[in-house]
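Inside the fold
Single-letter residue listing:
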Amino acid sequence: MWVAWAFLSAFLLGCYDVSKKMAVSRNAVIPVLFLNTMISSLLFLPFVLVSYGSDMLDGTMFYVPRVSWQTHGLVFLKSVIVLTSWMAGYFSVKHLPLTITGPVKATQPVLTLLGAMIIFGERLNLHQWIGVLLAVLSFYMLSSSGRKEGIRFTHNKWILYAVLSVVAGSMSGLYDKYLMRSLDVMTVQVWFNIYQFALMTPILLFLWYPHRKRTTPFEWRWGILLISLFLAVADWIYFYALSFPDSMISIVSMIRRSSVLVTFAAGALLLHEKNLRSKAVDLLLVLLGMFFLYLGTR
């Protein structure tokens, strides 16, 4: 059953990426991200108010405990890392095809695995090394596909933004491993959303608003609301899948990366992006690399 929930979470993550693309295309990125963090905070705020004001949620997976200021500081640092990943990712999604950004994002588990080797002393086995090499090869081939559309990986700043998003996302995953040793899920999920909203407020007011007439104008789209809804539900289902006694985090994480299939399909069917045949080969290599990483965890 938990595998089915993990696949549902992956599907919703893909829908989140597609909604993000639709929301930021020819639109101002910073107000879209601001509204996303605001809506996400409003979705989780009732859990904080009910948890602090009554015992209704005690003993449930939605309970938000009171924590120390030191803990808030740790979660605030996570908010900075995640917001860095999101801002870079939003700008790259705005300016690049989904069939480029999706496979690039799918290489994130490789960086996380390499970081785990360096920071936590984990070691790769043969299957994991094959997975890493396939992912690196897919990234090189993806750069060749991008050149056919005038996108040079070494000279295109939006590719660098996509890479920054992946690196920061990997840092967040490694930091999550550290945080989860002592903190509960709701503490991290709720407060990092609220702190992101707090961080985005001055960015919106002092960096974007005074210069808004010289940049891409902002336009409200319902996809902005869908971004927050899809992400919130996808994360909740992800944590619910992990609550099953026999669930395996390695398999759930691998399944979640299959969200790239949704973004690739949307790029092909809805946005009519180009060079799909060569990109499909790149995507196949990414998924094959993820499969070998999964074999290495068994």
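Residues numbered from 1 in each chain as written. Predicted model: local features only at pLDDT ≥ 70, side-chain atom pairs only at ≥ 80, totals over all residues. Heavy atoms only, no water.

1. Details of the overall build of the chain
Under the convention used in this document: The way it works is that DSSP assigns letters per residue, a run of H or I at least four long becomes a helix, a run of E at least two long becomes a strand, and they are numbered from the N terminus. Burial classification: accessible surface area is computed with a 1.4 Å probe over protein chains only, and a residue below 20% of its type maximum counts as buried, one above 50% as exposed, and the rest as partly exposed. All accessibility values rest on the Shrake-Rupley procedure with a 1.4 Å probe; residue burial counts only the protein chains present in the view.
Broken down by element type, the chain carries 12 helices and 0 strands. Starting at the N terminus, the α and β elements of the chain follow one another as α-α-α-α-α-α-α-α-α-α-α-α. Within the span of the chain, comprising 298 residues, buried residues form 51% of the whole. Carbon and sulfur atoms make up 70% of the accessible area of the chain, which amounts to about 14700 Å² in all.

2. Details of the side chain of Gln 189
The test is simple: Contact between two residues is taken to exist if any of their heavy atoms lie within 4.5 Å; hydrogens are not considered.
Looking at the element boundaries, Gln 189 is found in helix H8 (residues 185-208). Classification of Gln 189 as buried rests on a relative accessible area of 4%. The residues touching Gln 189, leaving out its near neighbours within four places in the chain, are Phe 44, Ala 232, Asp 235, Trp 236 and Phe 239.

3. Some remarks on the environment of Phe 7
Residue position: Phe 7 is located in helix H1 (residues 2-24). The spacing of Phe 7 and Tyr 238 is 231 residues in sequence and 9.1 Å in space, taken between C-alpha atoms.

4. A few points about the nonpolar core
Selection rule: As used in this record, nonpolar core signifies buried Ala, Val, Leu, Ile, Met, Phe, Trp, Tyr and Cys residues forming a set joined through side-chain atoms within 4.5 Å.
Residues Tyr 90 and Met 200 are the most contacted members of the largest nonpolar core, which totals 43 residues. Counting residues per element, the ones that place at least two in this core are H1, helix H2 (29-53), helix H3 (69-95), helix H7 (157-179), H8 and helix H9 (222-242). Element by element, the count of residues in this core is highest for H8, at 11 residues. Every residue in contact with Tyr 90, bar those within four places of it in the chain, is listed here: Tyr 16, Lys 20, Val 24, Val 29, Val 32, Leu 33, Asn 36 and Ile 227.

5. Points about a nonpolar patch on the surface
Rule in force here: Excluding any residue in a salt bridge, patches collect residues exceeding 30% relative accessible area, merging like charges within 9 Å and nonpolar Val, Leu, Ile, Met, Phe, Trp and Tyr side chains within 5 Å. For this document, the term salt bridge refers to a Lys or Arg side-chain nitrogen within 4 Å of an Asp or Glu carboxyl oxygen.
Judged by side-chain polarity, Leu 111, Val 163, Val 167 and Met 171 come together as a nonpolar surface patch covering roughly 280 Å² of accessible area. With 3 residues, H7 is the single largest residue contributor to the nonpolar patch. Position of Val 163 among the secondary structure elements: in helix H7. Take Val 163: its relative accessible area is 31%, and that puts it in the partly exposed class.

6. Description of unusual backbone geometry
One non-glycine residue, Arg 26, lies in positive phi territory at about 55°. For Arg 26, the position within the fold is in the loop between H1 and H2.

7. Comments concerning the side chain of Ser 9
Within the secondary structure, Ser 9 is located in helix H1. Leaving out residues up to four positions away in the same chain, Ser 9 has contacts with Ala 234, Ile 237, Tyr 238 and Arg 256.

8. Comments concerning the pattern of salt bridges
The tally for this structure, following the rule as stated, stands at 2 salt bridges. For Lys 20, the salt bridge goes to Asp 17, with nearest N and O atoms at 3.5 Å. With Lys 20 and Asp 17 both in helix H1 and 3 residues apart, the pair spans about one turn of that helix. Pair check on accessibility: Lys 20 and Asp 17 agree, each one buried.

9. So, the packing of aromatic side chains
Pairs of aromatic rings are described using the distance from one ring centre to the other and the angle between the two planes. What counts, and what does not: Aromatic pairing here means that ring centres of Phe, Tyr or Trp (its six-membered ring) are within 6.5 Å. Orientation follows from the plane angle: under 30 degrees is stacked, over 60 is edge-to-face, and everything else is tilted.
Inspection of every chain in the model, using the stated rule, returns 8 aromatic pairs. Ring centres of Phe 91 and Tyr 161 lie 6.0 Å apart, and the angle between their planes is 70°; this geometry places the pair in the edge-to-face category. Highlighted residues: Phe 91 in helix H3 and Tyr 161 in helix H7, separated in sequence by 70 residues. Overall, the relative accessible area of 21% leaves Phe 91 in the partly exposed class.

10. Remarks on the packing of H2 against H8
Put simply, the rule is: Axis lines are fitted to C-alpha atoms, over the contacting stretch for helices. Their N-to-C directions set the angle, which ranges from 0 to 180 degrees. If an angle is under 35 degrees, it is roughly parallel; if it is over 145, roughly antiparallel; if it lies from 65 to 115, roughly perpendicular; otherwise it is oblique. Handedness of each helix crossing follows the sense of rotation of the near helix against the far helix: counterclockwise by less than a right angle gives left-handed, clockwise gives right-handed. Any residue outside Ala, Val, Leu, Ile, Met, Phe, Trp, Tyr, Cys, Pro, Asp, Glu, Lys and Arg is labelled polar, Gly included; the first ten of those are nonpolar and the last four are charged.
Here H2 crosses H8 at 140°, and the two axes come no closer than 8 Å. Classified by the angle between their axes, H2 and H8 sit oblique to one another. As H2 packs across H8, the resulting crossing turns out to be left-handed. Grouping the constituent residues of the contact of H2 with H8 by class yields 18 nonpolar, 7 polar and no charged.

11. What to know about H1
Applied cut-off: Expected span of a helix: the number of residues minus one, times 1.5 Å.
A rise of 1.5 Å per residue sets the reference length of H1, with its 23 residues, at 33 Å; its end C-alpha atoms lie 33 Å apart and thus fit the reference within 8%. Arg 26 sits one or two positions beyond H1 and adopts a positive phi of about 55°.

12. Section: the environment of Thr 60
To keep it simple, the criterion reads: Here a polar contact is recorded for every N or O atom pair within 3.5 Å, except that within protein the pair must consist of a potential hydrogen donor and a potential acceptor, and residues adjacent in sequence are included only if both atoms are side-chain atoms.
Considering the arrangement of structural elements, one finds Thr 60 in the loop between H2 and H3. The partly exposed category is assigned to Thr 60, whose relative accessible area is 35%. Engagement of the side chain of Thr 60 in a polar contact is seen with the backbone oxygen of Leu 57, the distance being 2.7 Å.

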